[in-house]
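Below are the chains, spelled out letter by letter.
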Amino acid sequence: MSRVLDLTRQSAAGLRLLVALTVLLGLVYPAVLLGVGQLVPGRANGSLITLDGRTTGSSLIGQQFGTDDDPASQLPWFQPRPSAAGTGYDPQSSGASNLGPNNADLVKTIEDRRAAVASREGVEPSAVPADAVTASGSGLDPDISPAYAQLQVARVARERGLPVAQVEQLVEQNTHGRDLGFIGEPSVDVVTLNADLARLGSPQG
Amino acid sequence: MSALSDSAAGFLTIAVLVVALAAVHAPLGDFMARVYTSTRHLRVERFLYRVAGIDPDAEQRWPVYARAVLGFSFVSVLFLYAFQRLQAWLPLSLGFAGVAPATAWNTAISFVTNTNWQSYSGESTMGHLVQAAGLAVQNFTSAAVGMAVAVALVRGFTRSRTERIGSFWVDLVRTCVRILLPLSVVAAVVMLLGGVVQNLAGPTAYTTIAGGTQTITGGPIASQEAIKELGTNGGGFFNANSAHPFEGPTAWVSLFQVFLMLAIPFSLPRTFGRLVGDKRHGYAVLGVMGALWLAAVSLTVWAEVTGAGAAPQAAGGAMEGKEVRFGEVLTALFGASTTSTSTGAINGAHDSLTAAGGGVAMLNMMLGEVSPGGTGSGLYGLLVLAVIAVFLAGLMVGRTPELLGKKIGKGEVTLVALYVLATPTLLLVGAALTAGIPSLRDASLQDDGAHGLSEVLYAYASASNNNGSAFAGFGAATDYQNVALALCMVFGRFVPMLLVIALAGRLASQAPVPVTAGTLPTHTPLFASLVTVVVIVVAGLTYFPALALAPIAEALS
């Protein structure tokens with residue numbers, strides 16, 4: 001058989017096989033998993049959270065709390081990390097800054113952020129942890145480090161007229177140690193933490 | 001539980017991963033050996049053969065095997081291209097238009113070649129049906145094609161005086177049906193429990209806690225995530241890949257994903273040992289792969305935890321591009337493993353890794369991805385380097401080189417030499433064109449100086465070695481880069497593959513050479529060390545000048 005003819009014959013068999021495999025691996029397999037997923041609907045549907053009966057997003061996906069244009073609007077909330085996803089925490093545009101480790105613009109941005117956080121919290125610039133001045137890989141990081149959370153406790157308590165101890169307790173409740181005690185890093189979920197704050201009522205009201 | 005120190009937690013993470021891989025490699029490797037030697041056909045397999053009009057008991061000579069590989073891959077590219085272009089008319093498109101021609105061509109080739117380079121952003125380009133029934137199907141089949149070719153090469157060693165090296169169709173179907181599908185189901189269920197999403201939700205707008213608006217899209221993610229790692233594919237459902245909280249919600253899920261991408265490549269040496277009838281040969285291959293992987297992991301973890309570079313120093317830690325829940329150690333472990341295999345998934349931004357960490361990631365790919373490499377491609381890549389090692393050893397002692405009872409003559413060495421030259425040629429020529437032509441350079445480079453060169457080198461290393469990860473600051477979405485990188489993916493995948501299939505045919509047709517006192521033993525730690533040196537020297541001689549100007553210069557500056 002000529003090579004070209006054989007290649008055509010093999011391709012034709014390949015196409016038929018591909019269509020059949022597409023049904024098995026591309027339709028049946030994910031459909032079965034959709035069924036299995038509904039046995040754990042909360043997780044399979046994105047760990048959505050509700051506040052006063054309305055869904056306010058996912059506990060896994062970070063949000064903006066207040067806007068950069070109106071810094072005062074940010075003060076009653078624990079602030080998440082800087083985000084490179086769209087204009088910030090936009091799940092339609094996930095991603096990182098992708099700036100290199102010696103990129104001059106990135107160094108400047110980090111220094112500006114450090115000064116801004118230090119002045120917002122009224123602490124020395126050297127007290128600001130790394131996660132507070134860097135953007136995450138996804139741009140949707142729901143977490144901050146326990147150190148960054150601790151840095152924000154006094155300001156949030158003051159803005160909301162809450163006892164510091166109560167805010168500290170909420171931080172504690174939303175802190176996750178390393179998985180199984182050794183995988184990954186300790187973290188504080190800003191989304192669930194701020195949801196708990198919101199449940200206590202609006203600031204000073 | 002009292003908190004562990006950072007370094008104890010890091011060591012324990014890597015130790016647990018190694019123990020898990022050690023525990024799984026023997027049963028999984030033995031199982032795969034049985035799959036490829038079984039004479040039975042399952043009912044679903046018979047059905048697939050009947051639909052395709054294939055006689056599963058007809059074995060192929062190497063040219064036919066090669067044409068089957070090419071034919072299947074060719075129609076896969078056309079099918080996936082058409083699927084993306086027609087997206088607007090298909091269900092579950094989420095309102096997205098058909099994918100633009102250059103992007104669709106790049107993506108079709110990228111997924112068929114097991115590269116899974118993404119010049120698109122999943123959440124704003126691909127609907128659920130294209131993801132699940134288009135892209136994810138290629139996650140299965142492209143992985144299976146690599147494993148089929150690896151098994152064909154092993155048959156070249158185990159068979160004698162025959163023209164036949166097996167049936168590509170049977171190898172392909174069995175890999176999908178018996179190995180990848182059941183493992184994917186288990187892996188997907190585990191990830192579902194960890195919070196990876198599996199639904200059909202389109203973009204849904206929510207009012208956030210503070211009163212803003214956020215639009216979140218779900219999708220059949222867990223099912224795709226499982227085969228993305230197991231098949232060393234790496235194409236993320238979302239732009240942020242496994243850093244996205246819906247793909248990598250927790251640290252243990254991310255570690256589990258590292259385990260998945262390493263499981264099959266580290267088990268195939270056992271399969272190889274079983275098939276050649278001497279487990280020690282498997283251990284020698286495993287030893288080379290394991291040593292290189294562990295060295296890469298150690299270096300990357302050290303680089304990221306140390307955090308050299310102006311930005312990490314300014315921030316007080318290399319956290320740019322990293323998730324808090326993963327931290328430096330898990331991101332480094334993931335990054336070293338994804339580039340040691342041909343996965344290319346990421347749980348943090350590689351462009352923002354330290355110069356040394358990013359350099360190791362690049363070097364992992366430049367080694368030809370044999371530590372342990374992609375599903376199948378890692379094993380055949382390493383066996384090719386073992387052929388070079390026996391050839392060199394033969395030159396040194398003046399004996400005719402042999403491997404597993406097969407003479408390594410002029411024909412075999414020619415094929416192997418071409419294999420070793422193919423990828424570096426694509427990588428260096430491709431990178432040189434972009435780095436050397438000002439208009440191309442300005443269109444795609446984000447950073448200046450050494451890091452800019454790293455971005456180009458990384459892109460062409462990734463495409464030519466079918467990895468798919470990126471220094472994502474590199475602007476790859478131009479028409480030129482879409483086409484040029486796709487060409488590197490095609491030739492980087494199929495030229496080595498065809499040479500391997502031809503080598504399988506030559507070896508299978510030989511009569512076996514009896515083992516004598518003069519035969520170099522190829523299952524010893526000494527031989528494994530020799531192969532390791534060959535891997536490093538071949539890549540080192542090829543790439544050192546380029547590496548010296550890019551990551552090494554940046555790390556030392």
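Residues numbered from 1 in each chain as written. Chains lettered and ligands numbered in written order. Predicted model: local features only at pLDDT ≥ 70, side-chain atom pairs only at ≥ 80, totals over all residues. Heavy atoms only, no water.

Per an unreviewed UniProt entry, chain B is named Potassium-transporting ATPase potassium-binding subunit, and its organism is Quadrisphaera granulorum. Quoted verbatim from the Subunit (unreviewed entry) field of UniProt, the annotation for chain B is "The system is composed of three essential subunits: KdpA, KdpB and KdpC." (UniProt positions renumbered as here; feature names shortened; annotations may be inferred.)

With an unreviewed UniProt entry as reference, chain A is termed Potassium-transporting ATPase KdpC subunit, source organism Quadrisphaera granulorum. The Sequence similarities (unreviewed entry) comment attached to chain A in UniProt states, word for word, "Belongs to the KdpC family." Under the Subcellular location (unreviewed entry) heading, UniProt states for chain A: "Cell membrane".

The subject of this paragraph is the overall build of chain B. When helices and strands are tallied, chain B shows 19 helices and four strands. The C-alpha radius of gyration of chain B comes to 23 Å, within 12% of the 24 Å expected for a compact globule of 557 residues. On the principal axes, the C-alpha backbone points of chain B span a range of 80 × 60 × 55 Å. For chain B, the separation between the mean place of its 28 positive charges and that of its 27 negative charges on side chains is 18 Å. (Helix = DSSP H or I, 4+ residues; strand = E, 2+ residues; numbered from the N terminus. Rg over C-alpha atoms; globule rule 2.2 N^0.38 Å. Lys, Arg positive; Asp, Glu negative; His and termini not counted. Charge placed at Lys NZ, Arg CZ, Asp CG, Glu CD.)

Before going further, it helps to spend a moment on the overall build of chain A. Looking only at helices and strands, one finds six helices and five strands in chain A. Reading the helices (α) and strands (β) of chain A from amino to carboxyl end gives α-α-β-β-α-β-α-α-β-β-α. Relative to its length of 205 residues, chain A is extended, with a C-alpha radius of gyration of 24 Å against a globular reference of 17 Å. Overall size of chain A, expressed as C-alpha extent along the three principal axes, is 85 × 45 × 35 Å. The proportion of buried residues among the 205 residues of chain A is 53%. Relative to all contacts within chain A whose residues are 6 or more apart in sequence, the contacts with residues 24 or more apart total 58%. Of the roughly 8700 Å² of accessible surface on chain A, a fraction of 56% belongs to carbon and sulfur atoms. In chain A, 15 side chains carry a positive charge and 21 a negative one; their mean positions are 9 Å apart. (Buried < 20%, exposed > 50% of the residue type's maximum accessible area, 1.4 Å probe, protein only. Contact = heavy atoms within 4.5 Å. Areas by Shrake-Rupley, 256 points an atom, 1.4 Å probe, with all protein chains shown as cover.)

Our next topic: the pattern of salt bridges. For the structure on display, the rule yields 22 salt bridges over all chains. Of the charged contacts in the structure, one is a salt bridge between K322 of chain B and E304 of chain B, with a shortest N-O distance of 2.7 Å. Highlighted residues: K322 of chain B in the loop between α11 (310-315) and α12 (327-340) and E304 of chain B in helix α10 (residues 279-306), separated in sequence by 18 residues. Summarising the burial analysis for this pair, K322 of chain B and E304 of chain B share the class buried. Ionic pairing is found between R325 of chain B and E323 of chain B, a salt bridge with its closest N-O pair at 2.8 Å. Residue classification places R325 of chain B among the buried residues on the basis of a relative accessible area of 5%. When its relative accessible area of 0% is taken as the criterion, E323 of chain B is described as buried. One network of salt bridges, in which partners are shared, links R81 and D141 of chain A together with E323 and R325 of chain B. (Salt bridge = Lys/Arg side-chain N within 4 Å of Asp/Glu carboxyl O.)

Packed helices, taken two at a time, are described by the angle between their axes plus the distance between the axes. Residues and elements named next belong to chain A. The contact between helix α5 (residues 164-173) and helix α6 (residues 190-199) brings their axes to 9 Å, and the two run at 140°. By the angle class used here, α5 and α6 are oblique. Relative to α6, α5 is oriented so that their crossing is right-handed. Judged by residue contacts, L170, V171 and Q173 of α5 engage L193, D196 and L197 from α6. The residue makeup of the contact of α5 with α6, split by class, is four nonpolar, one polar and one charged. (Axes fitted to C-alpha atoms, helices over the stretch in contact; angles between N-to-C directions. Parallel < 35°, antiparallel > 145°, perpendicular 65-115°, else oblique. Left-handed = near helix turned anticlockwise from the far one by under 90°. Nonpolar A, V, L, I, M, F, W, Y, C, P; charged D, E, K, R; others polar.)

What follows covers the packing of aromatic side chains. Two numbers describe a pair of aromatic rings. These are the distance of the centres and the angle of the planes. By the definition in use, this model includes twelve aromatic pairs over all chains. Aromatic pair Y29 of chain A and F140 of chain B: ring centres 5.4 Å apart, planes at 90°, arrangement edge-to-face. Of the two residues, Y29 of chain A sits in helix α1 (residues 3-37) while F140 of chain B sits in helix α6 (residues 128-158), which places them in two different chains. For F140 of chain B, a relative accessible area of 0% translates into the label buried. Measuring from ring centre to ring centre gives 6.4 Å for F238 of chain B and F246 of chain B, while their planes differ by 55°; the resulting arrangement is tilted. (Phe/Tyr/Trp six-rings, centres within 6.5 Å; stacked < 30°, edge-to-face > 60°.)

Taken together, the contact between chain B and chain A spans 104 residues of the former and 97 residues of the latter. Each partner contributes to the roughly 7900 Å² buried at the junction of chain B and chain A, and carbon and sulfur atoms together form 65% of this total. When residues of chain B are sorted by the area they lose upon contact with chain A, I209, E320 and V324 of chain B head the list and together hold 11% of the total. Taken together, the connections running from chain B to chain A amount to three salt bridges. Of the charged contacts, one joins D6 of chain A and R67 of chain B as a salt bridge, the two residues approaching to 2.7 Å between their closest N and O atoms. Counting every contact that joins chain B to chain A gives 43 residue pairs in polar contact (both at pLDDT 80 or more). Per-element tally for the side of chain B that touches chain A: the top contributor is helix α7 (residues 168-193) of chain B, with twelve residues. Its residues assigned to classes, the side of chain B that touches chain A comprises 62 nonpolar, 32 polar and ten charged. (Buried area = accessible area lost by both parts, 1.4 Å probe. Polar contact = N/O pair within 3.5 Å; in protein donor to acceptor, adjacent residues only side chain to side chain.)

Residue and element names in this part refer to chain A. A contiguous nonpolar surface patch, about 300 Å² in accessible area, is contributed by V23, L27, V28 and V32. Here V23 is to be found in helix α1. Take V23: its relative accessible area is 44%, and that puts it in the partly exposed class. (Patch = residues over 30% accessible without salt bridge, like charges linked within 9 Å, V, L, I, M, F, W, Y side chains within 5 Å.)

Here we take up the packing of helix α9 (residues 251-275) of chain B against α10 of chain B. All names here are of chain B. Their axes nearest at 5 Å, the elements α9 and α10 cross at an angle of 155°. Comparing the axis directions of α9 and α10 gives the class roughly antiparallel. Regarding α9 and α10, the two cross each other, and that crossing is right-handed. Within the contact between the two elements, α9 uses L262, P265, F266, P269, R270, F272, G273 and R274 and α10 uses K279, H281, G282, Y283, V285, L286, M289, G290 and W293. Considered class by class, the residues forming the contact of α9 with α10 number ten nonpolar, four polar and three charged.

All right, on to the domain arrangement of chain A then. Interface size is commonly expressed as the accessible surface area that is lost when the partners come together. Domain annotation of chain A identifies domain 1 (1-45) and domain 2 (47-201). Taking only C-alpha atoms into account, the centre of domain 1 of chain A sits 42 Å from that of domain 2 of chain A. (Domains from an automatic or database assignment.)

Attention now goes to the pairing of strand β1 (residues 204-207) of chain B. Residues and elements named next belong to chain B. When β1 meets strand β2 (residues 213-216), the two strands line up antiparallel, connected through four bridges. Within β2, the position partnered with T204 by the bridge is I216. Connecting β1 to the next strand, β2, in antiparallel fashion are five residues, including G211 with a positive phi near 95°. (Pairing = 2+ DSSP bridges.)

Residues and elements named next belong to chain A. Of note, V171 is situated in helix α5. For V171, a relative accessible area of 6% puts it in the buried group. When the C-alpha positions of V171 and S73 are compared, they lie 20 Å apart, and in sequence the two are 98 residues distant. With near-sequence residues (within four places) excluded, V171 lies in contact with F78, A149, V153, V188 and L193.

For helix α1 (residues 6-37) of chain B, with 32 residues, the first-to-last C-alpha span of 46 Å sits near the 46 Å given by 1.5 Å per residue. At H25 of chain B, α1 of chain B shows its strongest bend, of approximately 35°, with the proline P27 of chain B following within four residues. (Expected span 1.5 Å × (residues − 1). Bend = angle between axes of the 7 residues up to and from the residue.)

Attention now moves to the sheet that holds strand β5 (residues 187-189) of chain A. All names here are of chain A. Taking strand neighbours across the sheet as the criterion, the three strands line up as β3-β5-β4 in an open arrangement whose pairing is antiparallel. The sheet terminates laterally at β3 (143-144) and β4 (175-176), the two strands that pair on one side only. Where β4 meets β5, two bridges bridge the pair, whose relative direction is antiparallel. Residue pairing in the sheet places H176 in a bridge with S187 of β5. Packing against the sheet, α6 makes contact with β3 and β5, and its axis sits at approximately 50° to β5.

Here the focus is the environment of E172 of chain A. Residue and element names in this part refer to chain A. Inspection of the secondary structure assignment puts E172 in helix α5. Overall, the relative accessible area of 62% leaves E172 in the exposed class. Along the primary structure E172 and Q150 are separated by 22 residues, whereas in three dimensions their C-alpha atoms are 9.8 Å apart.

As a further point, take the environment of S59 of chain A. Residue and element names in this part refer to chain A. Mapping S59 onto the fold places it in the loop between β2 (54-58) and α3 (104-121). Separated by ten residues in the primary sequence, S59 and I49 have C-alpha atoms spaced 6.1 Å apart. Look past the residues within four positions of S59 in its chain and what remains in contact with it is S47, I49, P142, D189, V191 and T192.

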